[in-house]
Each structure stands twice: as structure tokens, then as C-alpha cells.
Amino acid sequence: MAKKFITNSEDHPIKHIGFIMDGNGRWAKKRGMPREYGHKFGAETFKKVMEHCCNLGIKATTFYVFSTENWKRPQKEVDSIMKLLDRYLDDCKKELDEYDLRFIFLGDKSVFPDGLRNKMIEIERLSSQHKYIVNLALNYGGRDEIVYAVNKLYADGKERITEDDISSALYTSESPDLDLIVRTGGDLRISNFLLWQSAYAELYFTDKLWPDFNTDDVDAAIENFLNRKRRFGGV
Ligand code: IPE
Ligand code: IPE
Ligand code: MG
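Residues numbered from 1 in each chain as written. Chains lettered and ligands numbered in written order. Predicted model: local features only at pLDDT ≥ 70, side-chain atom pairs only at ≥ 80, totals over all residues. Heavy atoms only, no water.

**Student:** Let's hear about the site of ligand 1: which residues, and what values?
**Tutor:** Surveying the vicinity of ligand 1 reveals 13 residues, the closest of which are Met21, Asp22, Arg26, Arg35 and Arg73. One of the side-chain N or O atoms of Arg73 is found 2.6 Å from an oxygen atom in ligand 1. Here ligand 1 has 380 Å² of accessible area as a free molecule, and 87% of this is covered by the chains. Taking a 2 Å distance to the grid points as the criterion, the majority of the atoms of ligand 1 fall inside the largest pocket. Of all the secondary-structure elements, those providing two or more residues to the shell around ligand 1 are helix H1 (24-30), helix H2 (35-55) and helix H3 (75-91). The leading source of residues in the shell around ligand 1 is H1, at three residues. Of the residues in the shell around ligand 1, the class split is three nonpolar, five polar and five charged. (Near = heavy atom within 4 Å. Polar contact = N/O pair within 3.5 Å; in protein donor to acceptor, adjacent residues only side chain to side chain. Areas by Shrake-Rupley, 256 points an atom, 1.4 Å probe, with all protein chains shown as cover. 1 Å grid on protein atoms, 1.4 Å probe; cavity = no way out; pocket = protein on both sides within 12 Å on 5 of 7 lines; lining within 4 Å. Sits in = over half its atoms within 2 Å of the grid points. Helix = DSSP H or I, 4+ residues; strand = E, 2+ residues; numbered from the N terminus. Nonpolar A, V, L, I, M, F, W, Y, C, P; charged D, E, K, R; others polar.)

What follows is the structure, given as C-alpha cells:
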């Protein structure tokens, strides 16, 4: 089947972009609606942004969907996020071939109910040969990921661990280095997102709440990135 995405550039300067999708709750509150309403609209933004990034020819896009700390939220809100996710995992299957998407879930899947976990595993398997990596950070924490990587290396019998060893034991091992993190919602923090990978990533913050964020805003963030001078510690 013909690919729906027309890749603008096979060689986009951004190889890996990450989104901290923040502000769903405040967006709903402004409308006098429950927080769950914001997550529903946030899911629509996610789909549009994901399609756009793949369309631009960006090799890997990571979305912060649910952190290891987000379990602290009221059960009703957690349940609604899990329900949205479950529905999305059913819907996204038909797009995998069509859009050449490779889904990878970042985080410990063992905490999820069997049904949800099996859907994640199946989607990873079905899309494993596809081109555009979409990392969904779910039950994800940057610290948790580093501990996971080190334990994995330890279990493999590694005695001296290098930076490359850690990079390749992280959940993001299939993705290129992270170039840019975009956070919506106005807060100027990382909130445990891609801690290892963000060492030399550029950071872009916007006050826009995630459900209001759109593809023009992605373009603005990328343009801003392209005007930055990355030195990586050099001159
Ligand atoms: C981000 O929006 C979505 C998740 C963390 C799951 P929030 O739900 O954090 O929205 P705010 O920050 O409370 O507005
Ligand atoms: C970060 O947002 C996590 C996700 C976007 C999934 P939070 O809303 O959880 O972050 P804090 O609590 O403001 O740091
Ligand atoms: Mg938030």
C-alpha cells in the first residue's frame, strides 16, 4: 500500500524529537470540565503531531504519555488515561503499515493489566520492521530507565560499564541521539523525561497547553532549534 506520509526530507536535521505533553488538566479546567476531558483532546493533538513529525522525515519521535510518578493521580483520572490508551492501541494498528510507523513502548510493561500489555507487545512486533520510530513513554521515568539499564548489564555479567553500554541498554536503544525536547504547558522542567538522552538535547518550552498545540507550533519549535548553535562542549 502506498505510504500516506510524503517525506519532505530523507535527511531531516532532527533525528529524534521528544514531547512532554503537558497541560491537559489545566486546559479542561479552563473550560469548567473534568481533567479527563483534557486528556481526550490531548490524545487528538498527539495523533496530529505524530503524523506531522513522521511526515517531516524525523526518524524518531518520543511522547511522554504517563510517568512513573503519574500513578499518584486520582484513580478516576488514571483509569481514564488507561482507557484512552487501550482504545488507541486498537485504532493505531491499521496505521502501522500505511504510515510506516514503528511503535516502541518505553517503560516497565509488567505493571499493566494483561490485556493492555499484550496489545503493546503485539504492536511492537507488528511494526518492528517499519521506518519511523514512535516511542511512547508509558510508566516511564528517566531514573527508572537508567536503573533498569544498569541492572540489565549487571545480569548480563558486565563488570565494567561504559557510556555506550548504558545507551544501548536503555529503552531508547533503537533511537538516534535526542536533538530536541519540546514541553508544552509553561513549566520549565524535565519531570524525569529522557534524563540520560537529554545530555545535549536542546530544550524548547511553550506556554501553550497541549490540547491547543498544533503542527504550526511544531514547525516553530523546529525553526527555533535550527537557529541554535550546538557546541557539544567544543568551541
Ligand atoms: C499531561 O497533562 C498529561 C499527563 C501527565 C498524563 P496534565 O494532566 O499534567 O495537565 P496539567 O499539567 O495538570 O494541566
Ligand atoms: C510530565 O507532566 C509527565 C507527562 C507529560 C506524562 P507532569 O504534569 O506529570 O509533570 P509535573 O508534575 O508538572 O512535573
Ligand atoms: Mg502536568
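Okay, back to it.
**Student:** Can you tell me about the site of ligand 2, naming the residues and giving the values?
**Tutor:** Around ligand 2, the neighbouring residues are Ile20, Met21, Asp22, Tyr64, Val65, Phe66, Asn70, Arg73, Arg183, Arg189 and Ser191. Contacts to ligand 2 include Arg183, whose side-chain N or O atom sits 3.4 Å from an oxygen atom. Note that an oxygen atom of ligand 2 is positioned 2.8 Å from one of the side-chain N or O atoms of Arg189. Contact with the protein chains covers 78% of the free accessible surface of ligand 2, which is 390 Å². The greatest single-element share of the shell around ligand 2, amounting to three residues, is contributed by strand S2 (residues 60-67). The residue inventory of the shell around ligand 2, partitioned by class, reads five nonpolar, two polar and four charged.

**Student:** Can you break down the pattern of salt bridges residue by residue, with the values?
**Tutor:** In this structure the tally under the stated criterion is 19 salt bridges. Note that Glu77 and Arg35 form a salt bridge whose closest N and O atoms lie 2.7 Å from each other. Note that Glu77 is positioned in helix H3 and Arg35 in helix H2, a separation of 42 residues in sequence. With a relative accessible area of 3%, Glu77 lands in the buried category. The shortest N-O distance in the salt bridge between Glu36 and Lys76 comes to 3.5 Å. (Salt bridge = Lys/Arg side-chain N within 4 Å of Asp/Glu carboxyl O. Buried < 20%, exposed > 50% of the residue type's maximum accessible area, 1.4 Å probe, protein only.)

By themselves, these figures tell us nothing about what the structure is for.
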